[in-house]
Amino acid sequence: MILDQIVQASTIRAEALTPGHMSRFADSRSMAHIGRERFSLLKAITGAVDRNSIIAEMKPASPSKGHLRAITDPVAVSQDLIGGGCCALSVITEPAFFHGSITTIPAIRDETKVPILRKDFIVDKKQIEETRNAGADAVLLITAVLGDQLGEFVDAARKAGLEPLVEVHDRQEVRTALDTGADLIGINNRNLKNLKTDLSTTIRLAPMIKRADRTVIAESGVTWPCDIRTLRSYANGYLIGSSIMAAENPRRRLEGFVYA
Ligand SMILES: O=C(O)c1ccccc1NCC(=O)[C@H](O)[C@H](O)COP(=O)(O)O
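Residues numbered from 1 in each chain as written. Predicted model: local features only at pLDDT ≥ 70, side-chain atom pairs only at ≥ 80, totals over all residues. Heavy atoms only, no water.

Novice: Even after reading the chapter, I still don't get the site of the ligand, so can you show me in this structure?
Specialist: As a matter of local geometry, the ligand sits amid 20 residues, with Glu-57, Lys-59, Ser-64, Lys-119 and Ser-242 nearest to it. At 2.6 Å, a side-chain N or O of Lys-119 approaches an oxygen atom of the ligand. At 2.7 Å, a side-chain N or O of Ser-220 approaches an oxygen atom of the ligand. Protein burial of the ligand: of its 500 Å² of free accessible surface, 98% is covered by the chains. Taken together, the residues of the shell around the ligand break down into 9 nonpolar, 6 polar and 5 charged. (Near = heavy atom within 4 Å. Polar contact = N/O pair within 3.5 Å; in protein donor to acceptor, adjacent residues only side chain to side chain. Areas by Shrake-Rupley, 256 points an atom, 1.4 Å probe, with all protein chains shown as cover. Nonpolar A, V, L, I, M, F, W, Y, C, P; charged D, E, K, R; others polar.)

Structure, rendered in structure tokens:
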């Protein structure tokens, strides 16, 4: 299964992380994030009044779609997306399967006045420290990857000053996520076993999360503005990568979602 391969590669990279690696952003301008203004993903999602809350994902490639967009100038791409009205940016940092890089976060940090979510396959607490040092505001934690360790990772993220976005795909994972006390829960519409997306996943699982008074992000498979209209009464925000990245004009595609 592809998820096993991605997690295995992530584990090998995490094992190789040394204190030197984790503080390697110390010389960059972006280390100015220590003591800088923090940007809250939860506030960004729930605070939008005149538009839909879109987390726009910088995603160069993926196992399901292959090449999406070469991100040679990350600052230009991030500024274009912010100009398009996203409330936050998601940066895929996984290198082997998604062609991402952790260095994208410090590269865009100083110019970015919206929350930055680090999107990767976190398996080791050293990666939490690395995420904070890179200058992210939030980190994705995947229930299917962390299982029983999820609560510990939620606590570690918060202790590091990061907001955890906990990803779920079925009812059991929703229960596990709710037990951790996480405020932000992302429903992944993509089945990580076969990579197929189905927006009805959000429709099925969102009521459980809303009943517990938590904030719902619909993740994956949101392709057209009509998808936002379908999910509007279920989700508080939407995480969109492929559709924006593959568009000829990413900013215009994003605006279609923001104002749908
Ligand atoms: O995108 C993939 O092909 C993928 C494959 C295996 C594990 C995870 C995968 N995607 C990670 C994501 O969560 C998405 O990047 C994110 O939700 C945005 O999805 P989309 O808008 O469909 O690109």
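What follows continues from the structure just given.
Novice: Looking at this structure, how should I read the pattern of salt bridges?
Specialist: Oppositely charged side chains may form a pair once their charged atoms are brought near each other. Taken as a whole, this structure holds 9 salt bridges when the rule is applied. Between Glu-152 and Lys-125 there is a salt bridge, with the nearest N and O atoms lying 2.8 Å from each other. Within this pair, whereas Glu-152 is found in helix 9 (residues 150-159), its partner Lys-125 is found in helix 7 (residues 125-134), the two being separated by 27 residues in sequence. Classification of Lys-125 by relative accessible area gives partly exposed; the value is 37%. Note that Glu-255 is salt-bridged to Arg-251, the shortest N-O span being 3.3 Å. Separated by 4 residues within a single helix, Glu-255 and Arg-251 lie in helix 14 (residues 250-258), roughly one turn from each other. Residue classification places Arg-251 among the partly exposed positions, given a relative accessible area of 33%. Connected via shared salt-bridge partners are Arg-118, Asp-120 and Glu-130. (Salt bridge = Lys/Arg side-chain N within 4 Å of Asp/Glu carboxyl O. Helix = DSSP H or I, 4+ residues; strand = E, 2+ residues; numbered from the N terminus. Buried < 20%, exposed > 50% of the residue type's maximum accessible area, 1.4 Å probe, protein only.)

Novice: Just to check I follow, could you spell out the sheet that holds strand 6 (residues 138-142) for this structure?
Specialist: Each strand in a sheet pairs with its neighbour through backbone hydrogen bonds, running either in the same direction (parallel) or in the opposite one (antiparallel). Strand order in the closed barrel made by the 8 strands is 1-4-5-6-7-8-9-10, with parallel pairing throughout. Between one strand and the next, the sheet's axes are offset by a mean angle of 25 degrees, whatever the strand orientation. In this fold helix 9 packs onto strand 6 and strand 7 (163-168), with an angle of close to 155 degrees to the strand it touches most, strand 7. Here helix 10 (residues 171-179) sits on the sheet and contacts strand 7 and strand 8 (184-188); the angle it forms with strand 7, its principal contact strand, is near 160 degrees. (Pairing = 2+ DSSP bridges. Axes fitted to C-alpha atoms, helices over the stretch in contact; angles between N-to-C directions. Contact = heavy atoms within 4.5 Å.)

Novice: Would you explain the packing of aromatic side chains in this entry?
Specialist: The full count for this structure, using the stated rule, is 1 aromatic pair. Positioned above the aromatic ring of Phe-153, the side-chain terminus of Lys-125 is 5.1 Å from the ring centre. (Phe/Tyr/Trp six-rings, centres within 6.5 Å; stacked < 30°, edge-to-face > 60°. Lys NZ or Arg CZ within 6 Å of the ring centre and 35° of its normal.)

Novice: Which parts of the structure should I look at to understand the environment of Ala-157?
Specialist: Mapped onto the fold, Ala-157 is located in helix 9. On a C-alpha basis, the gap between Ala-157 and Gln-127 in space is 9.8 Å, while along the polypeptide they are 30 residues apart. Those residues in contact with Ala-157 that lie beyond four places of it in its chain are Ile-128, Val-139, Leu-162 and Pro-164.

Novice: What am I meant to see in the side chain of Ser-243 here?
Specialist: Structurally, Ser-243 is set in helix 13 (residues 242-246). At 2.8 Å, the side chain of Ser-243 and the backbone oxygen of Thr-223 are in polar contact. Excluding residues that lie within four positions of it along the chain, Ser-243 makes contacts with Val-222, Thr-223, Arg-253 and Phe-257.

Novice: Could you clarify how one ought to interpret the side chain of Arg-118 in this entry?
Specialist: For Arg-118, the position within the fold is in strand 5 (residues 116-119). For Arg-118, the side chain forms a polar contact with the side chain of Asp-120, separated by 3.2 Å. Here Glu-130 takes part through its side chain, which lies 3.0 Å from a polar atom of the side chain of Arg-118.

Novice: Would you take a moment to explain the state of the cysteines for this structure?
Specialist: A covalent bond between the sulfur atoms of two cysteines is what we call a disulfide. Taken as a whole and assessed by the stated rule, the structure comprises 0 disulfides. Left unpaired, Cys-87 is separated from the closest cysteine sulfur, that of Cys-86, by 6.9 Å. We classify Cys-87 as buried; its relative accessible area is 12%. (Disulfide = S-S within 2.5 Å.)

Novice: How should I be thinking about the pairing of strand 10 (residues 237-240) in this particular structure?
Specialist: Residues of strand 10 alternate between two faces, with Gly-237 and Leu-239 on one and Tyr-238 and Ile-240 on the opposite face, all of them buried. Bridging between strand 1 (residues 54-58) and strand 10 involves 3 bridges; their strand directions are parallel. Bridge pairing links Ile-55 to Leu-239 in strand 10. Relative to strand 10, strand 9 (residues 215-219) runs parallel, the two sharing 3 bridges. For Glu-219, the partnering residue across the bridge sits in strand 10 and is Leu-239. For the segment spanning strand 9, helix 12 (residues 225-231) and strand 10, crossover handedness is right-handed. (Right-handed = clockwise from strand over helix to strand, strands pointing away.)

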